Structure formats: C-alpha cells, structure tokens
Amino acid sequence: MAREDNQLQSDSSAPSDVVETLNVEKIDEEVVVANERDLKNWRGWLIFAACVAYAAFHLITLNIFPMETWSFRITHIAGALVIGFVLMAARKFQDTETGGNIGWSASKFEILPGLVGGLLILGAVVLTLYAAHIVLVQGKMAPPPWVWEYASLGTFAAFIVAIISSWIFKPQAQYLGWYDAILAICSILVCVYLLINLAALQSRAGVMPTPPDFWMSLTGILLIMELTRRVAGMPLVVIAMVFIAYSFLGPYLPGILEHGGYRAARFFTYIYTDNGILGPTVAVSSTYIILFIIFAAFLQESRVGEYFVNFAFAIAGRTRGGPAKVAVFSSGLMGMINGTSAGNVVATGSLTIPLMKKVGYRSQSAASIEAASSTGGQIMPPIMGAGAFIMAEITGIKYTELMMSAIIPAILYFAAVFLMVDFEAQKLGMKGLPSSALPRMNDILKKIFLFIPIIILIYTLLSGYSVIRAGTMSLIAAVVVSWLTTHRMGPIRTINALNRASRMAIQLIAVCACAGIIVGVIGLTGVGLRFSSMLLQLADTSQLLALAFAMVISIILGMGMPTTAAYAVAASVIAPGLIRLGIDPLTAHFFVFYYAVISAITPPVALAAYAGAAIAGSDPMRTSVTAFKFGVAAFIVPYMFFYAPGLLLQAESMEIAQNMVTALIGIFLLASAVQAWYFGHAKAYIRIPLLIGAVSMISGGTTTDILGIGLGIALFFWQKRFASTEPLETPRETTSTTGQQQA
C-alpha cells in the first residue's frame, strides 16, 4: 500500500492560509533527546553548576591561565564524561513525564549489584585519596605499588558492575541512577590517576606500562565508548570496536591487513596518549570546538539564531517554494554556529518543514530539503561545523587559509541545493508565503547589527589573530550586541549560556575522543599506509578510479557519524593516500572532508535525513534517498576542485573566476538533469545531453567547458521552442496515522 504522506498536496491549500504569523521563538531553544535526564531540585542545581564551571574553566584556561597540554586534555575529557553520565541515561525513558520509577526507590534486583558497586567504588576512592595524599602532601614520588594496583582494579570492577546495571535496569528521567553516579566517579578516578602519574606515563605508556596503567587506560577508553554510544549512537562505537579488534587480530589477517599484533597493556596505554585519544581530535575539541560552542551558545541565548531564520524568511519567503529556500538560507546561517548536521535539522526544520508541506512539498521532500541544506552548514565558513579545526590541526595549514579556501565549495554546495529546490517548485507551480506572514524587511534591517559578532570573527581571523583570540573577541561582541536588544546578556543569561554550552559540547567531545581511538589504531598498526598503497595501485590504472574509491570509503566511514568524527577517521585513512598520489594536501583533505559531510544525507545511514523524517512524519529510508537526490549535484563538487584548484583559491584571479563560473554552469546543468526541468519540463532525450554537459564541466579544461556550455545553449533554445512549462498535477496529501506517529 502506498504511503499517503508521500503524496503531493493540492493547490487548493492556498499559501495565504498557511500561517498568520511566523513563530521562530523555539529556534534557539535547547533540543532535549529521549535519554536526557531532567534533574530537579538540588540535583538539577548541582549539574547546572558543574556545566557552568566546565565552560568557564575552558574560557579561563584558553585565555588567562594555560595548563600543561596533557593535563588540560585529560581534564577536558573527564569533565565531559562526568557531565555526560549524569545527564544521559543508557537508554530512552519509558515515560518522559514521570520518569518511570519515583525517587531513588530501586527494585530488589538492584540492591545486590548496587551494594557491590558501591563498595568497590568506595574502596577505589579511599585508595586514590591515600595515594594523592602521599604524592601531593607528603611529597613522595609514588605510593606503595599495592595502592594503585588495588585502586585501579577496584575502579575497573566498579565500572563493569555499573555499566552492566545501566543496561539492565530502567533509568529515571528526574533522578540519577546509582550506576551512572559510579560511572561519573570512575571518570574522576581515571583522571586523577593520569594526572598524578603524568610524568611517568609520558615516558612509559605504550612501551613499558604497569598493571595500573593498563586498568585505568582500559577503564577510560570504555567510559569514552559508552558515553559516545549514549550521545551519538552505535555507528562510531562499532567502528571503534572493529579497529580495536583489528589491533589484536592482525597476525591472523591476510594481505595488506596483516600486522604483528599487540599486547593489551601496550595497546590500551598507547591509545590513551597523544598518539590516540589525547591527540589531534581532542586537541581540537578542547580548544577550538569548545570555544566556538560557547560562542554559539551565547548567540542562541541572545536569540541571534532566531534572527537568522527571520532574515532568511524576509529574503526568500515570498519566492516560489519560499519555505524551502528559507531552509537553504537559514541552514547555511545556522550551520555557522551549529556543530552537527542533525542538530541543525532539528533547530531549523521544526519551523521550515511544516511550512514546506503547507505550500505543496511532499513530506519526504520537505524533510530531504532541510537535511540537504543543514548538511551544507558543516562546510560553511567561518566555523564549518568544527571539522575544519581538525583539518588545521592535522595538516598544519593555517585555519584562515582553510576558511578562505572553503568559500567557493560552500557556494557551489548551496547553489546546487537551491537549484534543486527551485526546479522542483517550478515543476509543481508552487507559490511563496504571503507577505502578511513574513517579517518586514525594514524591521529585519534595523537589527542587522546582530551580524556583528560573525563579522568580527571573520575580520579578526583574516587580520592574523589566533583562532582562540578571534573566537573570544567574537564571544564578547555577542554579549555587547545583545545589550542593544530585548534579550540582554546580563549575569543570569551569561550563566545560562555557559550551562547551555557545556550541554551542547558533550556530544562533540565524546565523538572526538572516540575518534581518537580510531586515529590511534591507524597510527599504531600502519593501516593508513596500506590504504595509501592500495590507492597508488588503483591510480596506476586510473586516477579517476582512485578518487572514486576514496570517495566511497570516505562516505562509508562517515555513515552514521557526526561530521567531526567522520572527517577525523577519513582523514587518517584516505587523505595520506591521496597526498601520495601527488595531490596537494589542501585539496586532498577538502576532498575527504566534503564527502565526510555529505555522508549525513547518503543512504542507508543518513543521520540528517532521519532527523528530518522524524519531524515531517515521513519514511526515514525514502527520505534519505530523496535527500541524496537533492544533494546529488553537490557530489561532483570535490571532483571539480580536484581538476580545477582555482575553486580552492589555489590559482590566479582570472582562473579562479573562470573555474567558479563554469562550475556553477555545470551544477545548473546537473540539477536540471536530475529534476527533469530545464526552462520547462525536460524529457529523457534532453536530460541525457544535460548530464553529459554537466560531467564535461568537471575537469575545468577549456575544451570540455566549451562543450558543456555549447550543449547548454543548444538545449536552451530547444526547450524554449518545444518544452511545456505547465505545472504538474499535485494530488492532495492527507495526514496518515503512521506519519503522525513518526512525527
């Protein structure tokens, strides 16, 4: 039976009846996920204070009192783990209103494991405090060996009891389970152990580790993986588990996958160093990512996100298919201050998706447009969803250069999605929203000063300021600018923004730490070099084949993962091979980064599309396929800047201009071929030459550009003479029970 919610709406639903006034007040509200606790009374105030302190700690450390690098990163991870386990339950709550069980009352089955876990963690805490007293107060080099041995074993044993209990017993929405309290304490104990033994660990970890080194490192890694599962789902955890298993199964694998294997103690202690977890990914999450998340939180607390959406509605709301184009504009703006594609979908899609359905878009089309648009926010300068910060850390290229190089690829991406949206609107004869339902442009322009923090960020970066200094100055500007609005950032709002920032940061920090596990395995086993050799062999046959292989692997590695982790993994596995092919490092990393971003709308695991489907009430898999269609024109962009480096500003001005113009024409032709609309309805015999013309524009050569442009011009005159421009019939979309349940 065909799904009713995938049918089209009739034109009888007039745009004038869509909505009386737009309500964008919820754009800047925090999104609460299904397993996030809502702690009350003193518990709520305690976690609120912890979140505020965590964000403030980073601001102070980054700008005033710097810490030793390893110590800072270890504390950064530990704080995220503590907050994460307190806020995020191991599974969804059955009753989000009452929270399931009431109070701390536990079932009889919880009593025994609770007592065992409590005694184990109590013993570990006492021994850790004793060791800290000996080292920090008495000034001795180390406590007796048995102290750390029993403390580490107790911590690991308490972790095992707590983690299994958290999976078995029903969590409570308004109360903290004893098992998650133990996990939070385990996170603190791991941190304390690493900090006290830091000097020794920096020389012996991964080489001559002690048993306590092993047990504490193992506990820390498992804590990171569990929190990642809670905040980002299983895909990244599964990939991390595969890489960990590969480290031990190497001697039994064939061909290029074979390696000598490693002892567990050496492996896990190596991973919890700056070769793995404490390496490039956490280096970025503890500096740039956390800073810009705080910046984003301040913008949202002062309702700048709300202004961005209003700005987009004022510009594009009246045009045909207006809400869809608003989604493209607003998602690009919100993407500058939002760290994930799915998060961007939820923030803006809650408003744009229902409006798109009202003006005639199918449910799955509305969700797909929002997903494709929000995904593009991750490649939108100046912040670029945090992935570019990792690129700067890995490549050593200045962030300012990366930001500038991303401008044209971002324009091409949004141009591709915009054209797909516009052609669909023309095919279906859609209208825009009535002026009475839109913000007045005069009112919007009066608040144009709300862009000042973004302008200051761009100016300071281009002026040579460090990323930390530029981000801090922009944050201060956000506070000052808010004083000109009704949402002034006083002490209360500032504290609320710090609390919001810590909650927003947990997912990305966990993801970066988990990605560090994979990066560490790649470095330890040398599997990245083996993939490079494979790419070199493919390049001997065809360089295009090698690029296609790199594209597929980048997308597969990124499926189901946030952009930051997807790029970190792909950059470690694929980018070195592309560089060995003779490709410029900037081009190689942007090639990988682009496809890691697009993986969010690539079936079968398309996180951004799934988020949109939940709002639209459409089928997730069909929505992901449609999102892929709306973003398909963007899939050729990395090939364009590979063959035409001018698109990354790696050429003279005239060549850059030529590359950009021809790339836009190529995207126009490809979007026309996919949507079957080229100045009118395009039949199959028109779409094929359109596709040929689009592909010919990829290489950036003069001959191929002339061929593509020539085909475009010829087909333009043909379509003007013979093509029909009458809109398609659009049968009414009815609300299905399934759709309502999914929404």
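This is a predicted model, so every value here is computed, not measured. Position numbers for residues start from 1 in each chain and track the written sequence from start to end. Restriction of local features to residues with pLDDT of at least 70 applies here, the model being predicted, together with a cutoff of 80 or more for giving and counting side-chain atom pairs; totals for whole chains, interfaces and linings are based on all residues. No hydrogens and no water enter the side-chain calculation; it runs on all heavy atoms of the structure.

Caption draft 1: Inspection of the overall build of the protein at higher detail. On a plain count of helices and strands, the protein comes out with 33 helices and zero strands. Atoms counted for the radius of gyration: C-alpha only. Globule rule: 2.2 Å times the number of residues to the power 0.38. Computed over C-alpha atoms, the radius of gyration of the protein comes to 27 Å, within 12% of the 27 Å expected from 2.2 N^0.38 for 743 residues, which places it in the range of a compact globule. Dimensions along the principal axes, computed over C-alpha positions, put the protein at roughly 90 × 60 × 55 Å. Each residue is assigned to one of three classes by its accessible area relative to the maximum for its type, calculated with a 1.4 Å probe on protein chains only: buried under 20%, partly exposed between the two thresholds, exposed over 50%. Here the protein, with 743 residues, has 59% of them falling under the buried criterion. Here the contacts in the protein between residues at least 6 apart in sequence split such that 80% fall between residues at least 24 apart. Residues counted as positive are Lys and Arg, residues counted as negative are Asp and Glu, and His and the chain ends are not counted. All charge positions are set by atom: Lys at NZ, Arg at CZ, Asp at CG, Glu at CD. One finds the centroid of the 43 positive side-chain charges in the protein at a distance of 2 Å from the centroid of its 38 negative side-chain charges. Numbering of helices and strands runs from the N terminus; a helix is a DSSP stretch of H or I covering at least four residues, while a strand is a stretch of E covering at least two. Residues are treated as being in contact if the distance between any of their heavy atoms lies within 4.5 Å.

Caption draft 2: Summary view of a nonpolar patch on the surface. Like charges are joined within 9 Å and nonpolar side chains (Val, Leu, Ile, Met, Phe, Trp, Tyr) within 5 Å, but only among residues with over 30% relative accessible area and no salt bridge; these make up the patches. Here, Shrake-Rupley sampling with a 1.4 Å probe gives the accessible areas, and only protein chains in the shown set may cover a residue. We define a salt bridge as a contact between a side-chain nitrogen of Lys or Arg and a carboxyl oxygen of Asp or Glu at a distance within 4 Å. Taken together, the side chains of Tyr130, Trp146, Tyr150 and Leu153 define a hydrophobic patch exposed on the protein surface, amounting to about 440 Å² of accessible area. It is helix α4 (residues 145-168) that contributes the most residues to the nonpolar patch, three residues altogether. Within the secondary structure, Leu153 sits in helix α4.

Caption draft 3: Representation of helix α19 (residues 452-462). Listing the buried residues of α19 in full gives Pro453, Ile454, Leu457, Thr460 and Leu461. Each buried residue of α19 sits inside an arc of 135° when the element is viewed along its axis, so together they form one side. Residues of α19 that are exposed and point over 90 degrees away from its buried face: Ile455 and Tyr459. Looking at the buried positions of α19, the neighbouring elements they touch are α10 (280-301), α11 (304-316), α16 (399-405) and α20 (467-482). Note: the arc covers the axis-to-C-beta directions of the helix.

Caption draft 4: Looking closely at the packing of aromatic side chains. By convention, a stacked pair of Phe, Tyr or Trp rings (six-membered ring in the case of Trp) has centres within 6.5 Å and planes under 30 degrees apart, an edge-to-face pair has planes over 60 apart, and any other such pair is tilted. Throughout the structure, instances matching the rule amount to 38 aromatic pairs. Note on Phe668 and Tyr678: the rings are 6.0 Å apart at their centroids and 70° apart in plane angle, and the pair reads as edge-to-face. One end of the pair, Phe668, is in helix α30 (residues 653-675); the other, Tyr678, is in the loop between α30 and α31 (684-696), with 10 residues separating them in the sequence. Using a relative accessible area of 25% as the deciding quantity, one classes Phe668 as partly exposed. With 5.9 Å between their ring centres and 40° between their planes, Phe668 and Phe679 make a pair best called tilted. With Phe668 in helix α30 and Phe679 in the loop between α30 and α31, this residue pair connects regions lying 11 residues apart in the sequence. Each member of the aromatic cluster is reached from another via a ring pair, and the members are Tyr413, Phe414, Tyr567, Phe590, Phe593, Tyr594 and Phe641. Cation over ring: Lys629 sits above Phe630, and NZ or CZ is 5.2 Å from the ring centre. Here, over-ring charges are defined by two tests on the NZ atom of lysine or the CZ atom of arginine: distance to the ring centre within 6 Å, and angle to the ring normal within 35 degrees.

Caption draft 5: Representation of empty space enclosed by the protein in the model. Here a cavity means grid points, on a 1 Å grid over the protein atoms only, where a 1.4 Å probe fits yet cannot get out; a pocket means an open set of points with protein on both sides within 12 Å along at least five of seven lines; lining residues are those with an atom within 4 Å of a point. Grid points are joined across faces, edges and corners, and a volume is the space filled by probe spheres set on the points. Within the structure shown, the criterion is met by two cavities of 30 Å³ or more. Taken as a whole, the largest cavity encloses approximately 60 Å³ of empty space. Considering the residues around the largest cavity, the lining is formed by Trp70, Ile74, Leu194, Leu201, Ala205, Ser217, Thr269, Tyr272, Thr273 and Leu278. Considered class by class, the residues forming the lining of the largest cavity number seven nonpolar, three polar and no charged. Estimated volume of the second largest cavity: approximately 40 Å³. Note on residue classes: Ala, Val, Leu, Ile, Met, Phe, Trp, Tyr, Cys and Pro are nonpolar, Asp, Glu, Lys and Arg are charged, and everything else, Gly too, is polar.

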